[in-house]
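This is what each chain is made of:
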Amino acid sequence: MSTYRVGIIGCGSIAQLHMHGYAGDDRFEVVALSDPVAEALNVFGDRYEIANRYTDAREMLDQEALDVVNVCTWHKLHAPMTIAACARKPKAVLCEKPMATNMGECDEMMTVAHRNKVKLAIAHQRRFNPVWTDARNLIAAGAIGAPKHVMTSGSQGLLNDCSHLLDFTRYVMGDPNAVWVLGNIERKTDRYERDMRIEDRSAGIVGYDNGAVGVLLQEMVPQRRQGGTVYGEDGIMDIDEQRVRLLNSRTGTWEERPHTGEDASIGQARELADWIEGRVEHRGEASHGRAAVEIIMAIYESARMHEVVQMPVRTRISPIDVMVEMGDLPVERPGRYDIRAFLLRGEQMRPEGS
Ligand SMILES: NC(=O)c1ccc[n+]([C@@H]2O[C@H](COP(=O)([O-])OP(=O)(O)OC[C@H]3O[C@@H](n4cnc5c(N)ncnc54)[C@H](O)[C@@H]3O)[C@@H](O)[C@H]2O)c1
């Protein structure tokens, strides 16, 4: 059996979840780490007993002949690190969500992966949560009839939390494509998340090519969770990370279908190895990560242009940045703040430009 040499770029909190995933499949061995913050690198390296440590990710990529590169940095580095990794031709790159910060970056990542024959997946790991897969299979089998509306609500900006919710909406419905998007945002404070400009509040309405309409509310209602409610022609399904609740004419009352115990991170890693070996397509294949970012950019573009955006989105940079930089979203309460400032470890992680 092959063993795949894995290198991790970014030794922070999410990298620990990936370590757990690789530990669940003995086809992987994590052999090298990179992080410019020596403390992060060494605490992580000591904990998992990984000796090969680099403060420069490109040096790791050049030295280690990696089969798999796992990008676990903040969003702004997803594209440059994925591109740097793909240029060294590993078998696969698993990059954290959101795939990137705009459509230009997403497309560069797809191009470089394709040209170097690298399998690129984005870590929307809840695609491997058995509850979400149960919901997807039930919907495909007609348990609620044709899906008509999907309600989701999140927080922390569209790119962070809400990229998972858009991925949820597509995943449970069998990955339909978005056709049109109407959205709006409010940004009265200079709000950032992991060094990315975000809005204070937002709402998006998304029309899909299966005829369903998805609604995403960000910081609009108190209930925020990973999951949502799908209303079909013949029933309703309420889904979170622990259980599906199903109501249709057969059940008569709510039927609760609990989590069956499979670990999403291990499932994500296992399917990566199976994908490398040509057995399956990875369900986190990059086009799905790209689709979530595209809907987010469409919500921003709809706010910028005051129109229903017909897909595909043709603006390559992020419309929220355009709006802020053009003075279209003046803040009423000045002073930049980052809702993830608690992740800062020291001077080396100061956000650019601050
Ligand atoms: N899939 C999920 O459910 C999930 C959950 C949490 C975070 N994430 C994603 O993971 C990413 C990282 O978030 P986090 O919470 O782990 O952040 P973190 O701050 O805990 O970790 C990021 C690490 O990257 C390091 N880093 C910075 N520049 C680097 C460089 N040039 N080369 C190598 N390493 C570098 C930092 O020093 C830090 O140790 C984010 O994009 C976030 O959206 C996903």
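Before any of the text, the structure's been laid out above.
Residues numbered from 1 in each chain as written. Predicted model: local features only at pLDDT ≥ 70, side-chain atom pairs only at ≥ 80, totals over all residues. Heavy atoms only, no water.

S.K.: What should I look at first to understand the nonpolar core in this one?
M.R.: In a soluble, globular protein the nonpolar side chains are often hidden away together inside. One finds Met237, Ile239 and Ile295 to be the most contacted residues of the largest nonpolar core, which totals 73 residues. Considering every element that reaches this core, the biggest residue donor is helix H9 (residues 286–305), with ten residues. Sequence-distant contacts of Ile239, that is, excluding residues within four places in its chain, are made with Val131, Trp132, Ala135, Phe168, Val172, Arg225, Gln226, Gly227, Gly228, Val230 and Val244. Core analysis: the next-biggest nonpolar cluster, separate from the first, contains 24 residues, Ile8, Met19, Tyr22 and Ala123 among them. (Core = buried A, V, L, I, M, F, W, Y, C linked by side-chain atoms within 4.5 Å. Buried < 20%, exposed > 50% of the residue type's maximum accessible area, 1.4 Å probe, protein only. Helix = DSSP H or I, 4+ residues; strand = E, 2+ residues; numbered from the N terminus. Contact = heavy atoms within 4.5 Å.)

S.K.: What is the right way to read the pattern of salt bridges from this model?
M.R.: Working definition: two side chains of opposite charge can pair if their charged atoms are close together. Counted by the stated rule, this structure contains 36 salt bridges. Linking Arg290 and Asp107 is a salt bridge whose minimum nitrogen-to-oxygen distance equals 2.6 Å. Residue Arg290 is located in helix H9, and its partner Asp107 is located in helix H5 (residues 103–115); the two are separated by 183 residues in the primary sequence. The partner of Asp195 in a salt bridge is Arg336, and the shortest N-O contact between them spans 2.6 Å. You can see Asp195 sitting in the loop between strand S9 (189–193) and strand S10 (196–197) and its partner Arg336 sitting in strand S18 (residues 333–338), a full 141 residues away along the chain. (Salt bridge = Lys/Arg side-chain N within 4 Å of Asp/Glu carboxyl O.)

S.K.: I keep staring at the pairing of strand S14 (residues 235–239) and nothing clicks. Help me out?
M.R.: Successive residues of a regular strand alternate their side chains across the two faces of the sheet. For S14, a buried count of four out of five residues is recorded, marking the element as mostly surrounded by other parts of the structure. In this structure, strand S13 (residues 228–232) lies alongside S14, joined through five bridges in antiparallel fashion. Across the sheet, the residue bridging to Thr229 is Asp238, located in S14. The loop that links S13 with its antiparallel partner S14 comprises two residues. Relative to strand S15 (residues 243–248), S14 runs antiparallel, the two sharing five bridges. Note on S15: the bridge partner recorded for Ile239 is Val244. What sits between the antiparallel neighbours S14 and S15 is a turn of three residues. (Pairing = 2+ DSSP bridges.)

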